[in-house]
Amino acid sequence: LSPPRTAAAACERYPPVAEEFAAADYVIMAQVTSGQMQRTADDPEGFDGVEYRLQPLKVFKGQPPQDLMVYSENSTGRFPMAVTGWYLVFVGPAYGVGFAEPPRIERAISNCGHSFLLNSVPFALELPPTDLAFDQLMAMAPEINALVERAEGCLHFQGEEPYDEYRRGDIARALMDLRCDTLEEEVASTRVLFEGAPEAQARLDRAMDGDTLPPS
């Protein structure tokens, strides 16, 4: 449902879900309706950021306007977005941007948090998943999906029969590629980051127990 998020080179830490939720002014499912580069001659790439307009589709916290502007600076702190895409986003407090007086007031989405893409190019008649609760959406986060897929692969190959030396080598390579030796540690650290999203934690637990099917 969603691709891996852009690497966040500027991140010193990722807050747990509960912490980011508490700090955000708005937590919403939203569609990006437009994106406008802010041109400048001072930046080597010719622009200092992108202003995105978001239309809230479902609100989990706050009272956002129906036309919400967020700013993604042209730096390692950027949170690039696809126009028409659906996102689950944690929108932080307003802050001043630029060197003009008075500064331009914008809001931003941290790429060091848990905001993520739900669908980059919805079909014309496709409806957003507004029937899902916040906790259900967090269980679909990219890092949760990736760990569940790895757990499924590790359990599969750990149960394979090494009937000859070639098959034994294939299994060993698959387990190495899936990094099965570090999976348990990574799941434990991700569970901590997803404090405040119990369904995401439960999905990880089910995957480690061999149950990768969604709950009924």
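Residues numbered from 1 in each chain as written. Predicted model: local features only at pLDDT ≥ 70, side-chain atom pairs only at ≥ 80, totals over all residues. Heavy atoms only, no water.

(A) Seen up close, the nonpolar core. If you look at the biggest cluster of nonpolar residues, it comprises 31 residues, and the most contacted ones within it are F134, L137, M138 and F194. Counting residues per element, the ones that place at least two in this core are β1 (26-39), β4 (86-91), β7 (116-119), α2 (134-138), α3 (142-158), α5 (180-193) and α6 (198-208). With five residues, the single largest contributor to this core is α3. In contact with F194, other than residues within four places in its own chain, are V17, H114, M138, A141, E143, I144, A200 and Q201. In terms of nonpolar packing, the next biggest core, distinct from the first, is built from 16 residues, V32, V50, L68 and V70 among them. (Core = buried A, V, L, I, M, F, W, Y, C linked by side-chain atoms within 4.5 Å. Buried < 20%, exposed > 50% of the residue type's maximum accessible area, 1.4 Å probe, protein only. Helix = DSSP H or I, 4+ residues; strand = E, 2+ residues; numbered from the N terminus. Contact = heavy atoms within 4.5 Å.)

(B) View of the state of the cysteines. Applying the stated rule across the entire model yields one disulfide. In this model, C154 is linked to C180 through a disulfide, with the two sulfur atoms separated by 2.0 Å. Linking C154 and C180, the disulfide has an S-S dihedral of approximately -95° and is accordingly described as left-handed. With C154 in helix α3 and C180 in helix α5, the pair connects residues that are 26 residues apart, well separated along the chain. Overall, C180 belongs to the buried group, its relative accessible area being 15%. (Disulfide = S-S within 2.5 Å.)

(C) Examining unusual backbone geometry more closely. Although it is not a glycine, T84 sits at a positive phi angle of roughly 85°. Tracing the sequence through the fold places T84 in the loop between β3 (68-73) and β4. For R179, which is not a glycine, the phi torsion comes out positive at approximately 50°. Here R179 lies in the loop between α4 (165-177) and α5.

(D) Geometry of the packing of aromatic side chains. By the definition in use, this model includes four aromatic pairs. On the numbers, 6.2 Å between centres and 65° between planes, the contact of F79 with Y87 is edge-to-face. For the pair shown, F79 and Y87 are each scored as buried. Between F90 and F134, the ring centres sit 6.0 Å apart and the planes meet at 75°, which makes this aromatic pair edge-to-face. Here F90 is found in strand β4, whereas its partner F134 is found in helix α2, with 44 residues between them in sequence. With respect to burial, F90 and F134 carry one shared label: buried. (Phe/Tyr/Trp six-rings, centres within 6.5 Å; stacked < 30°, edge-to-face > 60°.)

(E) Structural view of α3. Between its terminal C-alpha atoms α3 stretches 24 Å, which fits the 24 Å expected from 17 residues at 1.5 Å a residue. Those residues of α3 hidden inside the fold are in contact with β7, α2, α4, α5 and α6. (Expected span 1.5 Å × (residues − 1).)

(F) Here's a closer look at the environment of C154. For C154, a relative accessible area of 3% corresponds to the buried category. Discounting chain neighbours no more than four positions away, the residues touching C154 are L175, L178, C180 and L183.

(G) Structural context of the pattern of salt bridges. In this structure the tally under the stated criterion is nine salt bridges. Here D67 makes a salt bridge to R53, at a shortest N to O gap of 2.4 Å. Residue D67 is found in the loop between β2 (47-61) and β3, and its partner R53 is found in strand β2; the two are separated by 14 residues along the sequence. By relative accessible area, which is 43% here, D67 ends up partly exposed. Given a relative accessible area of 33%, R53 falls into the partly exposed group. (Salt bridge = Lys/Arg side-chain N within 4 Å of Asp/Glu carboxyl O.)

(H) Focus on the packing of α5 against α6. One can describe the packing of α5 onto α6 by two numbers: an axis separation of 10 Å at closest approach and a directional angle of 165°. In terms of their interaxial angle, α5 and α6 are classed as roughly antiparallel. Like other packed secondary-structure pairs, α5 and α6 cross with a definite hand, here left-handed. Each of L183, E184, V187, T190 and R191 in α5 lies in contact with α6, whose residues at this interface are Q201, L204, D205 and M208. By residue class, the composition of the contact of α5 with α6 is four nonpolar, two polar and three charged. (Axes fitted to C-alpha atoms, helices over the stretch in contact; angles between N-to-C directions. Parallel < 35°, antiparallel > 145°, perpendicular 65-115°, else oblique. Left-handed = near helix turned anticlockwise from the far one by under 90°. Nonpolar A, V, L, I, M, F, W, Y, C, P; charged D, E, K, R; others polar.)

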